[in-house]
Amino acid sequence: MQPFIDHARSVGRRPEDFPPLARGRSLQVLFVTCSDSRVVPALITGAGPGRHFELRTADSIVPPCTPGRPTSEAATVEYAADVPGVREIVVCGHAHRCAVGAQVRGEDFSAVPALRDRPAQAEPPADAPDDDPAVAEAVREHVRTQLLRLRSYPCVRGALTGRRLRPHGLYHEVHTGAVLEHRPDADTFAAL
C-alpha cells in the first residue's frame, strides 16, 4: 500500500494539473472493458483524465437491458449516451482473460457465484491454453456479443439510429500491447 500512498502524496504536489479537471471534461467515448488491472484504457488510448468515460466490469460484461431492473452498468451506459452524449462507444476485450483462463484450468467458481452465473457468452474449448487462438477468438466473439447487447439499450439504439454514436470493438493483446479493431464489414479483427 505504501507505493500507492506515496504516489497519492505526489499527485497533490502538482496543483496545476487540477483546475482544468474542475472546469469540466470533454467526454467523447464510453470505454467498456474488463476490470482486470492489466487493461488500462488510458494507456491503450493515450487519453488523459476527463477524456473518456469508463465502464469496467468482470469480463467486460454488459448485462442485457432489463426495463424495471436497472443495474449500475445500465446507469453508466445511459448516462454516457444521454448526458454528455458520447460519440463513440468501445467494447475492449483482452488476451489472457482471468475468468476464461480459470475455466480452462478447471478452477472451482463455487466461491464466486456472481462470476460463475454471469450472462452466457462464448467460451473457448475446455483444453485451450490462454495463448491459444481459440481463446482469442472466444474473447473476440465475446466483444461482438457485448456490442449487440449495447444495441438493445434504448439510449444506444436511439443514438445509433440518429447516427450520433458509433460502436467499436477492440481486442487488446496484453502480452504484446497490440490492439485489433473489429471490422464489421468483414466481421474480422485487424490491427489498427
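Sequence order as written defines residue numbering, which begins from 1 separately in each chain. With the structure being a predicted model, the display of local features is reserved for residues of pLDDT at least 70 and the display and counting of side-chain atom pairs for 80 or more, all residues being used for whole-chain, interface and lining totals. Excluding hydrogens and water, the side-chain values take into account all heavy atoms of the structure.

1. What to know about the overall build of the protein chain
Reasoning step 1: What counts as a helix is a DSSP run of H or I of at least four residues, what counts as a strand is a run of E of at least two, and both are numbered from the N terminus. When its secondary structure is counted, the protein chain shows eight helices and six strands.
Reasoning step 2: Counting from the amino terminus, helix and strand elements in the protein chain follow one another as α-α-β-α-β-α-β-α-α-α-α-β-β-β.
Reasoning step 3: When burial is assessed residue by residue, the protein chain has 40% of its 192 residues classed as buried.
Reasoning step 4: Residue-level accessible areas treat just the shown protein chains as cover; the underlying method is Shrake-Rupley with a 1.4 Å probe. As displayed, the protein chain offers around 10,700 Å² of accessible surface, 57% of which is attributable to carbon and sulfur atoms. Here the term buried applies to any residue with accessible area under 20% of the maximum for its type, exposed to any over 50%, and partly exposed to those in between, with areas from a 1.4 Å probe on protein chains only.

2. Quick notes on the confidence of the model for the protein chain
Low pLDDT means the predicted atomic positions in that stretch should not be read closely.
Reasoning step 1: Per-chain confidence: the protein chain averages 82 in pLDDT, with 81% of residues scoring 70 or above.
Reasoning step 2: The predictor's confidence in any single residue is recorded as pLDDT, a number from 0 to 100. Ranking the helices and strands of the protein chain by mean pLDDT puts strand E5 (residues 179-183) first, with 95, and helix H5 (residues 98-104) last, with 56.
Reasoning step 3: Any two residues whose heavy atoms approach within 4.5 Å are treated as being in contact. Throughout residues 120-125 the model reports pLDDT below 50, and contacts reaching past four residues in sequence, or to other chains, amount to 18 contacts.

3. With respect to unusual backbone geometry
Reasoning step 1: Phi at Asp59 takes a positive value of approximately 60 degrees, unusual for a residue other than glycine.
Reasoning step 2: Here Asp59 shows up in the loop between strand E2 (52-57) and helix H4 (72-82).
Reasoning step 3: Residue Ser60 is not a glycine yet carries a positive backbone phi of 60 degrees.
Reasoning step 4: Relative to the assigned elements, Ser60 resides in the loop between E2 and H4.

4. Examining the layout of surface pockets
Reasoning step 1: The computed volume of the largest pocket comes to approximately 270 Å³.
Reasoning step 2: Buriedness for pockets is judged along seven lines, at least five of which must meet protein on both sides within 12 Å for an open set on the 1 Å grid over protein atoms alone, while cavities are sets there where a 1.4 Å probe fits but cannot get out, and lining residues have an atom within 4 Å of a point. Lining the largest pocket are 15 residues, with Val29, Phe31, Thr45, Val90 and Leu170 positioned closest to its centre.
Reasoning step 3: Of all the secondary structure elements, the ones that give two or more residues to the lining of the largest pocket are strand E1 (29-34), helix H3 (41-45), strand E3 (88-94), strand E4 (166-172) and E5.
Reasoning step 4: Gly is placed with the polar residues, together with every amino acid not listed as nonpolar (Ala, Val, Leu, Ile, Met, Phe, Trp, Tyr, Cys and Pro) or charged (Asp, Glu, Lys and Arg). Grouping the amino acids of the lining of the largest pocket by side-chain chemistry returns eight nonpolar, four polar and three charged.
Reasoning step 5: Grid points are joined across faces, edges and corners, and a volume is the space filled by probe spheres set on the points. Here the second largest pocket is characterised by a volume of approximately 180 Å³.
Reasoning step 6: Lining the second largest pocket are Glu141, Arg144, Leu147, Leu148, Arg151, Pro167, His168, Gly169, His182 and Pro184.
Reasoning step 7: Element by element, the count of residues in the lining of the second largest pocket is highest for helix H7 (residues 133-151), at five residues.

5. With respect to the nonpolar core
Soluble, globular proteins show a tendency: their nonpolar side chains are buried together.
Reasoning step 1: Within the largest apolar cluster, 28 residues are counted, with the highest numbers of intra-cluster contacts made by Leu30, Val77, Tyr153, Val156, Leu165 and Tyr171.
Reasoning step 2: For this core, the elements supplying multiple residues, two or more each, are E1, E2, H4, E3, H7 and helix H8 (154-161).
Reasoning step 3: Among the elements that take part in this core, H7 stands out by supplying five residues, more than any other.
Reasoning step 4: Ignoring sequence-local partners within four residues, the contact set of Tyr171 consists of Gly93, His94, Ala95, Ala136, Val139, Arg140, Ala178, Val179, Leu180 and Phe189.
Reasoning step 5: One finds Val90, Cys92, Leu170 and Val179 within the second-largest nonpolar core, a separate group that totals six residues. To qualify as a nonpolar core, a set must consist of buried Ala, Val, Leu, Ile, Met, Phe, Trp, Tyr and Cys residues joined through side-chain atoms within 4.5 Å.

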